[in-house]
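Listed below, chain by chain, are the residues.
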Amino acid sequence: MISGKIKKYHVLMIVVFLICSLLLAACDNSQQPADSETDKDNGTSQEQANKKGILVVSFGTSYPDTRKATIEACEEKIAASFPDYEVRRAFTSKMIIKKLKERDNIEIDTPEEALSKMKEDGFTEVIVQPLHIIPGIEYEEVLTVVNEFKDSFKEITVGRPVLYGIEDYKAAVETLKLQLPELDKDQAVVLMGHGTSHPANACYSCLQSVLSDEGLNVFVGTVEGYPEIDDIIAKLKENKIKEVTLMPYMLVAGDHASNDMAGDEDDSWKSILEKEGFAVNIYLHGLGENPGYQDLYVQRVQDCIDGNPLGVEEE
Ligand code: CO
């Protein structure tokens, strides 16, 4: 009898709590349109006023084939995954934008131009998803531009690049496995990361650490940072590697991959490694071609929608 009363009391408390939660949620929702500038100005309902967009930002490339296979493939996957959102493109490299305009008469916006247009076109919710690999200079520039537009939209969020939190490194390595060949003891993959003078160059060492912990014969070098190819050669010799597959650890297989990595000039990684006596294979595909990497970007957009753009693990 007593336990029956306690049970009823508990049920009553839960019901009261639920009603309170519902009322609070209702109040919260009803306040949103009133707070919104757009709704005040236009007097339209929230449904009509919400125009949602995703701006996919990459460095860009002037190589049309790899652009199609990597950048466009990522954009298309994002568009297919979020049909309520209009997907637009921006490149951060002014040099590539200029080259494409002059050579191919292709117009591509900078992030600033793209966001200005989205503002003019009445977007209210914008997700900016960079396809960059590390949170380096380019990513910080995206953050700066987005900050300038923070009052132009009801909501604007930036997704994180590939290498960010600890779980991101683990996911990136799992995804890389999809494109790794079977490796014998004396075979290795050498990744060509871009590298940077920015402190985010440390990302490559963290990536190396996770790869090594996985027991993979994969070594990360960079073309414009640390470690350089000479540092990698020392490691290859230490590990008695005879045969190397070169792979870009970049979104696209563009200029760096085609020339600095796989080119026939004396100073390409291929030539340097061959001169050192290694057998060299070339894998000339950007990460953006790997469906797993495309999915990593889709997940980052989803994390923005879920209010967790930095992918912070719940405690
Ligand atoms: Co470069």
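Please read these numbers as outputs of a predicted model, since none were measured by experiment. (Residues numbered from 1 in each chain as written. Predicted model: local features only at pLDDT ≥ 70, side-chain atom pairs only at ≥ 80, totals over all residues. Heavy atoms only, no water.)

### Some remarks on unusual backbone geometry
Using the following cut-off: The helix count covers DSSP runs of H or I at least four residues long, the strand count covers runs of E at least two residues long, and both are numbered beginning at the N terminus. Categorising residues by exposure relies on relative accessible area from a 1.4 Å probe, with only protein chains included: less than 20% of the type maximum marks a residue as buried, more than 50% marks it as exposed, and the intermediate range marks it as partly exposed.
Between Y226 and P227 the backbone carries a cis peptide bond, its omega angle lying at -5°. Structurally, P227 can be placed in the loop between β6 (218–222) and α10 (229–238). Of note in the backbone geometry, N105 takes a positive phi value of approximately 55° without being a glycine. Considering the arrangement of structural elements, one finds N105 in the loop between α5 (94–104) and α6 (111–120). Judged by relative accessible area, which is 56%, N105 ranks as exposed. Positioned with a positive phi, K240 is a non-glycine residue whose angle comes to about 55°. With respect to the helices, strands and loops of the structure, K240 is situated in the loop between α10 and β7 (243–248). Residue K240 is classed as exposed on the basis of its relative accessible area of 62%.

### Thoughts on the coordination of the cobalt ion
Let me state the cut-off plainly: Each metal site lists N, O and S donors within 2.8 Å (3.2 Å for Na, K and Ca). With water left out of the atoms, a site can look as if it is missing ligands.
Each protein donor to the cobalt ion is listed here as H194 (NE2), E224 (OE) and H256 (NE2); together their distances run 2.1 to 2.3 Å. Counting residues between consecutive donors of the cobalt ion along the chain gives the motif H-x29-E-x31-H. A residue pair is termed long-range when its members are at least 10 positions apart, and E224 in the loop between β6 and α10 and H256 in helix α11 (residues 255–261) qualify at 32 residues. On the basis of relative accessibility, which here comes to 46%, the residue E224 falls in the partly exposed class.

### Looking at the pattern of salt bridges
Put simply, the rule reads: Just to be clear on terms, a salt bridge is a Lys or Arg side-chain nitrogen sitting within 4 Å of an Asp or Glu carboxyl oxygen.
If you walk through the whole model with that rule in mind, you get 18 salt bridges. Between K177 and E214 there is a salt bridge, and its shortest N-O distance comes to 2.7 Å. One end of the pair, K177, is in helix α8 (residues 166–177); the other, E214, is in the loop between α9 (202–213) and β6, with 37 residues separating them in the sequence. A relative accessible area of 31% means that K177 is categorised as partly exposed. Of the residues examined, E214 reaches a relative accessible area of 38% and is grouped as partly exposed.

### So, the layout of surface pockets
Filter applied, for reference: Method remark: on a 1 Å grid restricted to protein atoms, a set of points is classed as a cavity if a 1.4 Å probe fits but cannot get out and as a pocket if it is open with protein on both sides within 12 Å along at least five of seven lines; lining residues have an atom within 4 Å of a point. Grid points are joined across faces, edges and corners, and a volume is the space filled by probe spheres set on the points. Each residue receives one of three labels: charged for Asp, Glu, Lys and Arg, nonpolar for Ala, Val, Leu, Ile, Met, Phe, Trp, Tyr, Cys and Pro, and polar for the others, Gly being one of them. Segmentation of the chain into domains, including their bounds, is taken from an automatic or database domain assignment.
The computed volume of the largest pocket comes to approximately 820 Å³. Every residue lining the largest pocket is counted, 30 residues in all, and those nearest its centre are F59, G60, H194, M250 and H256. When residues of the lining of the largest pocket are traced back to their parent elements, those giving at least two are α5, α7 (137–148) and α11. Here the residues of the lining of the largest pocket sort into 15 nonpolar, 11 polar and 4 charged. The residues that make up the lining of the largest pocket include at least three from each of domain 1 (50–159 + 291–305) and domain 2 (166–288).

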